[in-house]
Amino acid sequence: MIKSIEDKGVGGIVRVRFAPSPTGDLHVGGVRTALFNYLYARHTDGRFLLRIEDTDRERSTPEAVQVILDGLAWLGLDPDEEIVYQSRRMELHRAAALELLERGGAYRCFCAPEELTGRREEARRQGRPYKYDRRCLHLPPEEVNSRLDEGRPYAVRLKVPEGEIRFQDGVHGEIRVSGEEIEDFVLLRRDGSPTYMLAVVVDDADMGITHIIRGDDHISNTPKQILLYRALDRPQPEFAHVPLILGTDKKRLSKRHGATSITHYREAGYLPETMINCLGLLGWSPGDDRNVINRQELTQLFDISGIQSSGAVFDEAKLQWLSGQYISGTEYASVSGELGRFAEMAASEGRLEAIPPPEQIETAWNLMRSRIHLLSDLFDRGLYMFRDPDTYEPKGVRKYFSGENI
Ligand code: GLU
């Protein structure tokens, strides 16, 4: 009997991870994945780890990595252990592939990319699905040796065993895939570089990850990864695939819907706690229909069984409303630094003549916080608090500004 994903964490220590690939942007969907992992770790007294999947040297610039680190730090989603950089582990990935070669779980494929493309094209013309035809699996050992002696480049492919692959997904329930559908996928490319499929499994195994909570887009990778855990004889973690985030039109959330990067929300004047609340309820529910829930409550209530299997809608209008709720309850002291930053910006853009003294910002904050939605609103909609009026109506002034208490 397959144990439920909830049971498993009770005995051992839960170890989960967020494994972003740096792209220069931290998408709200990525943050939601990080948050669910973090909450699950906190809820189970487990460990939340961060692995930067920086094997794409072109995209993975130090700046792109920094965007992720800054975003997570702003949200208070700090990893419990040292950050793992995938690119520094390539030798270990290679060693795992070589170990599999030795054990007979993988084999060398000498087929050149052009040949493979040709065969794929041929299959397409004939209208049949393409799958690597395993011709290199059947090469006699002498032939393999002589090709190696010639120095011919080769890829390493996993020998996919027959039979069905089944797993229990914490969100989607039982998933079955026939081994027939899976080709002998590549573990090491001809240039010796490990593929994502190999790296992710070796890293998760070495990091002792017990539960993989990640986006739905990885569901089709899971059977292959399970085969690799088996081939490498490493314990298989539990999987939970979280549905995509949708825009209000129910299409996959993209830039068409507005900003998708967490940096944007920070710069727009949202509080980290607002984002935690909003993303925590995006595809997960505590079982009631509340809209406001703080980090402590999320931690207390979060479990994988509360993750919904259908896509969750990210609605910026709702987020704004929520932001107003948080702003109105926020004391000046906890946002003084951020407000100072917005004041500086307003001054540098000429909306303010000078940066107001902190006492003035505090007074304005206390008067305005129940009426604004964003930190930045104080120096936008609330600008009149800091400036003398440009014009006034003398009549109105005589009429209204004359009493004792004015
Ligand atoms: N690096 C992958 C991504 O950003 C995630 C890998 C995983 O979670 O298994 O999509």
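This report concerns the structure included in the present document. (Residues numbered from 1 in each chain as written. Predicted model: local features only at pLDDT ≥ 70, side-chain atom pairs only at ≥ 80, totals over all residues. Heavy atoms only, no water.)

**So, the environment of A347**
Filter applied, for reference: Helix and strand assignments follow DSSP, with helices taken as H or I runs no shorter than four residues and strands as E runs no shorter than two, numbered in order from the N terminus. A contact between two residues is defined here by any heavy atoms of the two lying within 4.5 Å.
By the element assignment, A347 lies in helix α13 (residues 332-348). Between the alpha carbons of A347 and N291 there is a distance of 36 Å; along the sequence they are 56 residues apart. Discounting residues that sit within four places of it in the chain, A347 has contacts with L352, A354 and I355.

**Quick look at the site of the ligand**
We apply this condition: Only a single heavy atom is needed: when it lies within 4 Å of a molecule or strand, its residue is near that molecule or strand. Counted as a polar contact is a pair of N or O atoms within 3.5 Å, where, for protein atoms, one must be capable of donating a hydrogen and the other of accepting one, and residues adjacent in sequence contribute only when both atoms are in side chains. What sets the accessible areas is the Shrake-Rupley method with a 1.4 Å probe; for residues, cover comes only from the shown protein chains. Grid points spaced at 1 Å over the protein atoms alone were grouped into cavities, where a 1.4 Å probe fits but cannot get out, and pockets, open sets with protein on both sides within 12 Å along at least five of seven lines, with lining residues defined by an atom within 4 Å of a point. Put plainly, a molecule is in a cavity or pocket when over half of its atoms are within 2 Å of the grid points there. Gly counts as polar in this scheme, as do all residues outside two lists: the nonpolar Ala, Val, Leu, Ile, Met, Phe, Trp, Tyr, Cys and Pro, and the charged Asp, Glu, Lys and Arg.
Close contacts around the ligand come from R17, A19, P20, S21, E53, Y196, V200, R214 and H218, and that covers them all. One of the side-chain nitrogen or oxygen atoms of R214 is found 2.7 Å away from an oxygen atom of the ligand. Between the ligand and H218, the relevant distance is 2.9 Å, taken from an oxygen atom to a side-chain nitrogen or oxygen of the residue. Calculation on the ligand without its partners gives an accessible area of 300 Å², and the protein chains cover 80% of this total. Because more than half of its atoms lie within 2 Å of the grid, the ligand is assigned to the largest pocket. Grouping the constituent residues of the shell around the ligand by class yields four nonpolar, two polar and three charged.

**Re the sheet that holds strand β5 (residues 155-158)**
Condition: A strand pair is defined by DSSP finding two or more bridges across the two strands. A fitted line through C-alpha atoms serves as each axis, taken over the contacting stretch for helices, and the angle formed by two N-to-C directions is quoted from 0 to 180°.
Taken in spatial order, the three strands line up as β4-β5-β8 in an open sheet, and their pairing is antiparallel. Unpaired on one side and paired on the other, β4 (106-109) and β8 (186-188) mark the two borders of the sheet. Strand-to-strand twist in this sheet, taken as the mean axis angle between neighbours without regard to direction, amounts to 40 degrees. Examined bridge by bridge, β5 and β8 share two bridges and lie antiparallel to one another.

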